[in-house]
Amino acid sequence: MGAQLRVYRQKIKSAQTTKKITRAMELISASRIYKAQQRVAASTPYSRAVTRAVSAVATYSNIDHPLTTEPESIDRAAIVIFTSDRGLAGAFSSNVLKETEQLSTLLRSQGKDVVYYLVGRKSVGYFNFRRRTARKQWIGGTDLPAFETAKAIADAVVADFGTDFKDGGVDEIHLVYSRFVSMISQVPEVVRLLPLEVVEGVEPPSKSEVFPLYEFEPDVNKVLDALLPVYIESRIFNAMLQSAASEHAARQKAMKSATDNAQKLILNYTRLSNQARQSEITQQISEIVGGADALSTSGDED
Amino acid sequence: MSEKSLKVELVSADSSVWSGAAKMVVAKTVEGEIGLLPGHEPMLAILSSGEVRVTLPEGEVMKFSAEDGFLSVEHDVVTVVARNASLV
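Residues numbered from 1 in each chain as written. Chains lettered and ligands numbered in written order. Predicted model: local features only at pLDDT ≥ 70, side-chain atom pairs only at ≥ 80, totals over all residues. Heavy atoms only, no water.

A. Up close: helix H4 (residues 147-162) of chain A. With 16 residues, H4(A) should reach 22 Å at 1.5 Å per residue; the first-to-last C-alpha distance of 22 Å fits that figure. Burial in H4(A) covers these residues: Phe147(A), Ala150(A), Ile153(A), Ala154(A), Ala156(A), Val157(A), Asp160(A) and Phe161(A). (Helix = DSSP H or I, 4+ residues; strand = E, 2+ residues; numbered from the N terminus. Expected span 1.5 Å × (residues − 1). Buried < 20%, exposed > 50% of the residue type's maximum accessible area, 1.4 Å probe, protein only.)

Here's what the structure looks like:
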C-alpha cells in the first residue's frame, strides 16, 4: 500500500471514531432535553404560585421592604452567571459570557462596581484564565440542577444584598442565563433580580385581574419576609432549569453538525483514497507494461 | 354553602404534588392550626412544617407533609406552596 493511501485510510478511521462519539453525544442530549423541559414545566406551578403571592402582597401593602425598595444610590452590582460545566455545546457558554461582558460594561459606565457569582465550570474557567476574581462559585450539576443549589445561591446573594456597601455588600443583583425558547433557539437573557421588579414573573397576572384583599397571617411584614427569599429561590431555580434545557439543546445542535461534518470528511477522504488507489494501480500497470516493453525491445536487439 | 367545594392545589419546588376538589383543608401555620372551608376570606399565611390534611368531598382524608412554604386562599382556591411536599 502506498504512503498516500495509508494516510487517507488513517484519516478516515479517525473521522469515523469522532463521528461515533459525536453521534452518541447527540442522542444522549436529545433524550435529556425532553427531561429538562419536563422539569421546567414541573417547576412552573410553584413559581407561578409564588409570583402570584408576591404580586398580591406587593400590590396590597405599601410597606417598604428592603428587598423591594430601590436604594438611593447603587454603587455595586452583582452578576450571577449561569453557564454549563462541560463544553462541546457550541456557543452556549460563550454567548452567556458575552452577554455578561456587555452588561458589565454597561454597569461600569454607570459608575457601578461589578462583582460576580459563577455557576458552572465553564464560567469559572473563563474567569481563572483572565485572572479575574469572583465572589463565589458553584460547580457541578448544571445539567441536572438541584433545588439545594438554587437555595445556596439565593442565600448567598440575599445575604450580600443585605450587607452594607462598606462591608462588601451589593445594591443590585442581575442574573445572566440562557433562556430555552425552542429546540433550535436559546437566547441569553439578563434579568434584574434585586431590587425586585415583581411585574416580570414567569406568568404575570393579567391587568384586568384584581387581587382580593388578603388577610395576612401573622402579618404583612412577616409574610413578605418569608415570601421574598422563596421567590428569589424560585427565580434562580427557574434560571438554572432553563439554562440546563438550553445546554442540552445547544449540545445536541453542536453534536449534530459535528456528526454531519465528520460524515462529510469521511466522504471526501474516501474519494481521495479511491483516487490514490486507482493512480497507484495505474502506475503499477504502466510500470509493468513499460518494463515488459523494455524487455521485448532489448530482446529484439539481441 | 354545602354544595360548594374548595379547589386545592399543592405544589412543591419541582413538581405539582396534588390538585383537586376538597371539602375542607387543615394546615399548620406559624400561628397554629387552621381549618379552611369554602367561602373563607382571602388569606396568605406562612406554613410551619407539618401536616396538611385535605378532606375530599367523599369524606376521605388525604394527608400531606409540607415544609417551608406558605398557603394562599382566594375565591375558594387554596394553594399550598412548599419547598418540600409529599403525600404521606
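Having seen it, we continue.
B. Representation of the pairing of strand E2 (residues 15-22) of chain B in the model. Residues and elements named next belong to chain B. By the bridge criterion, 7 bridges tie strand E1 (residues 6-12) to E2 in an arrangement that is antiparallel. Directly across from Leu6, in E2, lies its bridge partner Ala22. Connecting the antiparallel pair E1 and E2 is a turn made up of 2 residues. (Pairing = 2+ DSSP bridges.)

C. Structural context of the interface of chain B and chain A. If you look at the interface, chain B gives 25 residues, while chain A gives 25 residues. Applying the counting rule to chain B against chain A returns 2 salt bridges. At the junction of chain B with chain A, the criterion picks out 4 residue pairs in polar contact (both at pLDDT 80 or more). Where the side of chain B that touches chain A is concerned, the elements lending two or more residues are E1, E2, strand E5 (43-47), strand E7 (61-74) and strand E8 (77-87) of chain B. In the sheet, strand E6 (residues 215-217) of chain A pairs with E5(B) via 3 bridges, with the strands oriented parallel. Bridge pairing in E5(B) places Phe216(A) opposite Leu44(B). (Contact = heavy atoms within 4.5 Å. Salt bridge = Lys/Arg side-chain N within 4 Å of Asp/Glu carboxyl O. Polar contact = N/O pair within 3.5 Å; in protein donor to acceptor, adjacent residues only side chain to side chain.)

D. Geometry of the pattern of salt bridges. Here the structure, examined in full by the defined rule, presents 19 salt bridges over all chains. Glu74(B) serves as the salt-bridge partner of Arg52(A), at 2.7 Å between the closest nitrogen and oxygen. Of this pair, Arg52(A) sits in helix H1 (residues 3-60) while Glu74(B) sits in strand E7, each in a different chain. Assessed through its relative accessible area of 10%, Glu74(B) is described here as buried. In this structure, Asp164(A) engages Lys166(A) in a salt bridge whose closest nitrogen and oxygen atoms are separated by 3.7 Å.

E. Representation of a nonpolar patch on the surface in the model. Residues and elements named next belong to chain A. Together, Ile281, Ile285 and Val289 make up an exposed nonpolar region whose accessible area comes to about 250 Å². Relative to the assigned elements, Ile285 resides in helix H5 (residues 220-301). Owing to a relative accessible area of 48%, Ile285 belongs among the partly exposed residues under this scheme. (Patch = residues over 30% accessible without salt bridge, like charges linked within 9 Å, V, L, I, M, F, W, Y side chains within 5 Å. Areas by Shrake-Rupley, 256 points an atom, 1.4 Å probe, with all protein chains shown as cover.)

F. Region of interest: the packing of aromatic side chains. Residue and element names in this part refer to chain A. Overall, the coordinates contain 6 aromatic pairs over all chains when judged by the stated rule. Each ring, one from Tyr46 and one from Phe147, has its centre 6.2 Å from the other, and the planes form 90 degrees; the classification is edge-to-face. Separated by 101 residues along the polypeptide, Tyr46 in helix H1 and Phe147 in helix H4 bring together distant segments of the chain. Residue Tyr46 is classed as buried on the basis of its relative accessible area, which comes to 2%. Plain terms: the ring middles of Tyr116 and Phe127 are 4.8 Å apart, the flat faces sit at 70 degrees to each other, and that makes the pair edge-to-face. With Tyr116 in strand E2 (residues 113-119) and Phe127 in helix H3 (residues 121-129), this pair connects stretches of sequence that are 11 residues apart. Each member of the pair, Tyr116 as well as Phe127, is classed as buried. Taken together through their ring pairs, the aromatic side chains of Tyr46, Phe147 and Phe237 make up a single cluster. In this structure, Arg130 packs its charged tip against the face of Tyr126, placed 3.8 Å from the ring centre. Across from the ring centre of Phe127, 4.8 Å away, lies the NZ or CZ of Arg132, which sits over that ring. (Phe/Tyr/Trp six-rings, centres within 6.5 Å; stacked < 30°, edge-to-face > 60°. Lys NZ or Arg CZ within 6 Å of the ring centre and 35° of its normal.)

G. Here's a closer look at the environment of Val78(B). All names here are of chain B. Tracing the backbone through its elements, the reader meets Val78 in strand E8. Judged by relative accessible area, which is 0%, Val78 ranks as buried. Remark: the alpha-carbon pair of Val78 and Ser19, spanning 59 residues in sequence, is separated by 9.7 Å. Excluding its chain neighbours within four sequence positions, the residues that come into contact with Val78 are Leu6, Lys7, Val8, Glu9, Leu36, Ser72 and Val73.

H. Representation of the side chain of Glu26(A) within the structure. As for its position among the elements, Glu26(A) is in helix H1. Residue class for Glu26(A) comes out buried when judged on its relative accessible area of 8%.

I. Main features of the nonpolar core. Formed by 51 residues in total, the largest nonpolar core has its most connected members in Val80(A), Phe82(A), Ile173(A) and Ile236(A). Elements supplying a minimum of two residues to this core: H1, strand E1 (76-82), E2, H4, strand E4 (172-182), strand E5 (185-194) and H5 of chain A together with E5 of chain B. For this core, the leading source of residues is H5(A), giving 12 residues. With residues near it in sequence (within four places) discarded, Ile236(A) still touches Phe82(A), Ala150(A), Ile153(A), Ala154(A), Val157(A), Leu175(A) and Leu193(A). One finds Leu6(B), Trp18(B), Val25(B) and Ile34(B) within the second-largest nonpolar core, a separate group that totals 24 residues. (Core = buried A, V, L, I, M, F, W, Y, C linked by side-chain atoms within 4.5 Å.)

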